[in-house]
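Each chain, written out:
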Amino acid sequence: MVLQPGKTGLATLEAIWREGLAATLDRAARPGVEAAERLVQQAAQGEAAVYGVNTGFGKLASVKIPADQTEALQRNLILSHCCGVGEPLDAATTRLMMVLKLLSLGRGASGVKWATVALIEGMLDRGVMPVVPDQGSVGASGDLAPLAHMAAVMIGEGEAVYQGARLAGGAALKQAGLEPVVLGPKEGLALINGTQFSTACALAGLWGAWRNAQACIVTAALSTDAIMGSTAPLVAEIHALRGHSGQIEAARAQRELMEGSEIRESHREGDTRVQDPYCIRCQAQVTGAAIGLLRQAAQVLEIEANAVTDNPLVLVGEGRIVSGGNFHGEPVGFAADQIAMAVSEIGAIAQRRVALMVDPTLSFDLPPFLTPDPGLNSGLMIAEVTTAALMSENKHLANPCTIDSTPTSANQEDHVSMSAYAARRLERMNRNLNVILGVEAICAAQGIGFRAPLMTSPALQAVVARLRADIPALKTDRYLAPDLEAAAGLIRAGDLVAASGMEMGL
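Peer 1: Hey, could you run me through the overall build of the chain in this one?
Peer 2: Helix and strand counts for the chain come out as 20 helices and nine strands. Principal-axis analysis of the C-alpha atoms gives the chain an extent of 90 × 50 × 40 Å. When the 506 residues of the chain are sorted by exposure, 56% land in the buried category. Contacts in the chain between residues far apart in sequence, at least 24 positions, make up 79% of those at least 6 positions apart. When the accessible surface of the chain is split by element, carbon and sulfur atoms take 55% of a total near 20,200 Å². The distance from the centre of the 39 positive side-chain charges to the centre of the 51 negative ones in the chain is 2 Å.

Peer 1: Sorry if this is basic, but what is going on with the packing of aromatic side chains here?
Peer 2: Each aromatic ring pair is specified by the distance between its two centres and by the angle formed by the two planes. What the rule picks out here adds up to one aromatic pair. On the numbers, 5.3 Å between centres and 40 degrees between planes, the contact of Trp17 with Trp207 is tilted. Of the two residues, Trp17 sits in helix α1 (residues 10-19) while Trp207 sits in helix α9 (residues 196-226), which places them 190 residues apart along the sequence. Taking the relative accessible area as the measure of exposure, Trp207 reaches 2% and is therefore buried. Its guanidinium or amino end placed over the ring of Phe364, Arg273 lies 3.6 Å from that ring's centre, counting from NZ or CZ.

Peer 1: Please clarify how the nonpolar core should be interpreted in this entry.
Peer 2: Nonpolar side chains tend toward joint burial in soluble globular proteins. Leu13, Val128 and Leu203 are the most contacted members of the largest nonpolar core, which has 148 residues in total. No other element matches the 18 residues that α9 contributes to this core. Ignoring sequence-local partners within four residues, the contact set of Val128 consists of Met98, Met123, Val153, Ala160, Val161, Tyr162, Ala172, Leu173, Ala176 and Leu178. By size, the runner-up hydrophobic cluster in this structure holds eight residues, among which are Ala36, Leu39, Ala43 and Val53.

Peer 1: Could you clarify how one ought to interpret the sheet that holds strand β7 (residues 165-168) in this entry?
Peer 2: Picture the strands of a sheet paired through backbone hydrogen bonds; they go either parallel or antiparallel. If you trace the three strands from one edge of the open sheet to the other, you get β4-β6-β7, paired in antiparallel fashion. Each edge of the open sheet is held by one strand with a lone partner, namely β4 (129-130) and β7. Inspection of the sheet shows β4 paired to strand β6 (residues 159-162) by two bridges, in the antiparallel sense. By the bridge assignment, Pro130 is partnered in β6 with Ala160.

Peer 1: Honestly, the side chain of Asp26 in this entry has me stumped. Any pointers?
Peer 2: By the element assignment, Asp26 lies in the loop between β2 (24-25) and α2 (30-45). Buried charged residue Asp26 carries no salt bridge. Nearest counter-charge: Arg27, at 7.4 Å. A distance of 2.7 Å separates the side chain of Asp26 from the side chain of Gln4, its partner in a polar contact. The residues contacting Asp26, other than those within four sequence positions of it, are Val2, Leu3 and Gln4.

Peer 1: I would appreciate a short explanation of the pattern of salt bridges in the present structure.
Peer 2: Two side chains carrying opposite charge are able to pair once their charged atoms lie near each other. Scanning the model with the defined rule gives 19 salt bridges in all. For Arg273, the salt bridge identified is with Asp271, shortest N-O distance 2.8 Å. Using a relative accessible area of 26% as the deciding quantity, one classes Arg273 as partly exposed. One salt bridge in this structure joins Arg431 and Glu427, with 2.5 Å as the shortest N-O distance. Residue Arg431 and its partner Glu427 are located together in helix α17 (residues 419-449), separated by four residues, close to a single helical turn. What you see here is one network of salt bridges that share partners, running through Arg466, Asp470 and Asp495.

Peer 1: Could you clarify how one ought to interpret the side chain of Asp143 in this entry?
Peer 2: Structurally, Asp143 can be placed in the loop between β5 (133-135) and α6 (144-154). Lys101 provides the closest opposite charge to the buried, salt-bridge-free Asp143, at an N-O distance of 8.4 Å. Residues within four places of Asp143 in sequence aside, it is in contact with Ser137, Ile192, Gly194, Thr195, Gln196, Phe197, Ser198, Ser419 and Ala420.

Peer 1: I would appreciate a short explanation of the environment of Glu384 in the present structure.
Peer 2: Its location among the elements puts Glu384 in helix α16 (residues 381-397). Distance from Glu384 to Ile436, taken between C-alpha atoms, is 8.5 Å for residues 52 residues apart in sequence. Apart from residues lying up to four places away in sequence, Glu384 is in contact with Gln351, Val354, Ala355 and Val358. Looking at Glu384, its side chain comes within polar contact range of the side chain of Gln351, at 2.9 Å.

Peer 1: Could you clarify how one ought to interpret unusual backbone geometry in this entry?
Peer 2: Glycine aside, residues mostly have negative phi angles, and peptide bonds mostly take the trans form. Note the cis peptide between Asn311 and Pro312, where omega equals -5 degrees. With respect to the secondary-structure elements, Pro312 resides in the loop between α14 (283-305) and β8 (313-315). In the Ramachandran plot, Ser409 falls in the positive-phi region, its phi being about 55 degrees despite a non-glycine side chain. Assignment of secondary structure puts Ser409 in the loop between α16 and α17.

About the criteria used
Residues numbered from 1 in each chain as written. Predicted model: local features only at pLDDT ≥ 70, side-chain atom pairs only at ≥ 80, totals over all residues. Heavy atoms only, no water. Helix = DSSP H or I, 4+ residues; strand = E, 2+ residues; numbered from the N terminus. Buried < 20%, exposed > 50% of the residue type's maximum accessible area, 1.4 Å probe, protein only. Contact = heavy atoms within 4.5 Å. Areas by Shrake-Rupley, 256 points an atom, 1.4 Å probe, with all protein chains shown as cover. Lys, Arg positive; Asp, Glu negative; His and termini not counted. Charge placed at Lys NZ, Arg CZ, Asp CG, Glu CD. Phe/Tyr/Trp six-rings, centres within 6.5 Å; stacked < 30°, edge-to-face > 60°. Lys NZ or Arg CZ within 6 Å of the ring centre and 35° of its normal. Core = buried A, V, L, I, M, F, W, Y, C linked by side-chain atoms within 4.5 Å. Pairing = 2+ DSSP bridges. Salt bridge = Lys/Arg side-chain N within 4 Å of Asp/Glu carboxyl O. Polar contact = N/O pair within 3.5 Å; in protein donor to acceptor, adjacent residues only side chain to side chain.

As structure tokens, then:
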């Protein structure tokens with residue numbers, strides 16, 4: 001995959017993340033990278049203090065470093081900043097983080113040598129994945145600790161996974177046929193300043209959330225037929241009058257999914273119910289609003305994925321090196337908080353549909369807890385309780401992280417974004433939502449089965465058939481944990497959406 005710095009789209013990045021693709025920079029970026037390096041080399045030999053080139057870092061910026069110690073300065077920077085803790089970041093998101101660092105360096109404003117760029121490309125090509133602990137960044141001055149663990153492998157330190165084995169960084173490079181780099185002036189700072197850890201985690205969260213949002217439309221359609229709900233709230237004119245594009249698309253998609261349902265046609269006349277509960281009637285409004293949030297976050301993260309976020313920046317056209325604050329992760333933190341709210345609300349309304357289907361007073365004559373023989377069997381009683389637990393957990397996790405600033409580094413970095421945790425929690429939230437939507441699919445398919453001989457729509461029949469390929473209908477109580485795990489997997493993989501034929505772009 002050849003990357004265009006400043007112009008790489010989310011579809012390209014998602015393909016790299018999902019498929020484990022290697023990536024290289026467009027060679028047209030090389031002259032700009034080398035021009036910035038020359039400017040940094042000149043500054044390193046000069047008498048004027050230039051932050052990060054011939055000075056200490058952070059609160060120690062006033063300490064001037066002799067030219068013959070700049071290599072030691074950069075090496076010490078990397079080693080001292082390797083203070084990450086927690087579990088290793090997964091390989092796919094680590095790869096994405098490295099790709100984002102490539103894109104940033106490729107803009108020609110960081111001052112690194114081309115050999116440093118080439119080493120990241122080589123590590124991606126040969127599968128040398130740094131071990132990056134997922135805790136320790138506050139998302140200002142960049143993701144210092146996580147990116148330092150990446151950079152440590154590049155200088156032959158730290159740890160990396162190569163061909164399934166966790167090795168010392170230098171050993172992993174050697175086995176892969178790669179040589180560590182000796183960092184020149186500013187290079188260490190260019191590698192560890194930046195929002196690439198936060199942005200990679202946020203993008204992974206975005207793509208997981210988008211799959212969940214699509215799946216929610218499918219499971220909502222199933223649930224609506226299962227409880228013999230009305231499609232009147234999906235009428236196009238209703239949504240056009242409000243005007244929100246996500247709501248309009250969600251309503252249209254659900255209408256199309258339910259087209260041709262015998263169950264729906266069977267109760268157009270003579271149904272004594274006047275209106276369905278909000279979890280059915282307002283599905284398009286709620287999921288549509290979530291779709292809007294996800295698209296806003298996607299716009300921000302696409303910009304950030306292509307941004308230069310280290311410090312100082314090398315302005316080649318002006319011939320100077322300027323200290324700024326592009327490393328601050330506020331845009332990423334806000335985007336991650338938006339994604340978290342969308343994920344939480346998709347789960348909240350889906351959980352209410354699960355509760356609706358298992359409750360015989362609300363489900364329009366479905367048996368209690370969707371079991372053919374209630375009493376002797378508990379059916380899906382506790383599956384619904386599990387969704388309630390996960391819904392509540394996601395509500396707590398959705399509390400905004402970006403507002404929780406705290407000063408660090410002797411008050412030099414006195415306002416931080418917390419973008420790293422804001423983004424990192426999304427993986428857990430999406431997995432919780434996978435389960436909620438998977439349980440909804442199980443309940444809805446079970447409910448539709450009780451409506452026989454009436455049939456749901458052809459599109460939803462295909463969804464039920466895909467579900468049933470892995471999870472049989474519930475006749476008597478059985479060990480249900482594997483069913484929940486399998487259903488969550490179908491949601492996470494996008495299999496139920498694919499079976500439905502529904503298409504909706506981020």
